[in-house]
Structure formats: C-alpha cells, structure tokens
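# A look at the structure
As a plain string of letters, each chain reads:
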Amino acid sequence: MKVAIQVRHFLTPAGRRAFGRVIREHHRLASARPGFISLRRLTPANPARPEEVDVVVEFESLRRLMEWRRSPGHDRIAAAYARCWSRPPEARFFNVKEF
C-alpha cells in the first residue's frame, strides 16, 4: 500500500528564503530512491501563516519510505531543513488509497 508522510515546517525568515533550495535538494535525493512516487510542497492559498509550509513525500510502501528515512541522504536533507526551522516540525504518516 502506498504511504505518505506530511511534515509541517515552521520556518524562520531566513529559512523561508532558503526553503526552495532545500526542497529541490530533497527532491533530487528522494527521487533517486527505490519506491519514490512524489514530493509536494503545500502552501496555504490564503497565506495567513507564511512561516508554515507542508511537505508531503509519497512512496510505494512503508518499507520503502522507512528505507529512505534511514538513509544518509535523508540525514543530510533533515539537517538542511533543521537550519530553516524556528521550532521542530510536526509529522504525520498516511496510508494512501486512490479511487
């Protein structure tokens, strides 16, 4: 079953400026992994909270997602994101079912 993780990032002003570069690197690293499906950046249509950005990563299975999360590439991108944060992110895991 496909799975996704949604991570809500809380960014500093400098983090907002750096975020585009970091997410492009995230995509480069994650998309090279087996089972990768997508990486999406979600921003509110009405940006009342511009410091909050959600990122959704989807993999073909929980096993493949967890392999990515245990990889050196994930460690690298997590450290890059951490430099953007005003506080730690919130993460939620989802099973994905398409209709």
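Residues numbered from 1 in each chain as written. Predicted model: local features only at pLDDT ≥ 70, side-chain atom pairs only at ≥ 80, totals over all residues. Heavy atoms only, no water.

### Topic: the packing of aromatic side chains
Scanning the model with the defined rule gives 2 aromatic pairs in all. The interplanar angle of 40° and the centroid separation of 5.4 Å between the aromatic rings of Phe19 and Tyr81 together place this pair among those described as tilted. Of this pair, Phe19 sits in helix α1 (residues 13-31) while Tyr81 sits in helix α3 (residues 72-82), and the two are 62 residues apart along the sequence. Residue Tyr81 is classed as buried on the basis of its relative accessible area of 4%. Ring geometry for Phe36 against Phe59: centres 5.7 Å apart, planes inclined by 85°, an arrangement best described as edge-to-face. Of the two residues, Phe36 sits in strand β2 (residues 36-42) while Phe59 sits in strand β3 (residues 52-59), which places them 23 residues apart along the sequence. Across this residue pair, the class does not change: Phe36 and Phe59 are buried. A cation over a ring is seen here: Arg87 above Phe10, with NZ or CZ 3.6 Å from the ring centre. (Phe/Tyr/Trp six-rings, centres within 6.5 Å; stacked < 30°, edge-to-face > 60°. Helix = DSSP H or I, 4+ residues; strand = E, 2+ residues; numbered from the N terminus. Buried < 20%, exposed > 50% of the residue type's maximum accessible area, 1.4 Å probe, protein only. Lys NZ or Arg CZ within 6 Å of the ring centre and 35° of its normal.)

### A word on the nonpolar core
Judged by nonpolar contacts, the single largest core of 22 residues is most densely connected at Phe19, Val55, Val57, Trp68, Ile77 and Tyr81. Top element by residues in this core is α1. It accounts for 6 residues. Those residues in contact with Ile77 that lie beyond four places of it in its chain are Val22, Glu25, His26, Leu29 and Trp68. (Core = buried A, V, L, I, M, F, W, Y, C linked by side-chain atoms within 4.5 Å. Contact = heavy atoms within 4.5 Å.)

### Here's the deal with the environment of Ala4
Among the structural elements, Ala4 can be located in strand β1 (residues 2-11). We classify Ala4 as buried; its relative accessible area is 6%. For the pair Ala4 and Phe59, spaced 55 residues apart in the sequence, the C-alpha separation amounts to 6.3 Å. Setting aside residues no more than four positions away along its own chain, Ala4 makes contact with Val56, Val57, Glu58, Arg92, Phe93, Phe94 and Val96.

### Quick look at a positive patch on the surface
Taken together, the side chains of Arg21, Arg24, Arg41 and Arg83 make up a positively charged region of the molecular surface. Within the secondary structure layout, Arg21 lies in helix α1. (Patch = residues over 30% accessible without salt bridge, like charges linked within 9 Å, V, L, I, M, F, W, Y side chains within 5 Å. Areas by Shrake-Rupley, 256 points an atom, 1.4 Å probe, with all protein chains shown as cover. Salt bridge = Lys/Arg side-chain N within 4 Å of Asp/Glu carboxyl O. Lys, Arg positive; Asp, Glu negative; His and termini not counted. Charge placed at Lys NZ, Arg CZ, Asp CG, Glu CD.)

### A few points about the sheet that holds β1
Taken in spatial order, the 4 strands line up as β2-β3-β1-β4 in an open sheet, and their pairing is antiparallel. Two strands lie at the open edges of the sheet, namely β2 and β4 (85-96), each paired on one side alone. If you compare each strand with its neighbour and ignore which way they point, the axes differ by 15° on average. Sheet analysis places β2 next to β3, joined by 6 bridges and oriented antiparallel. (Pairing = 2+ DSSP bridges. Axes fitted to C-alpha atoms, helices over the stretch in contact; angles between N-to-C directions.)

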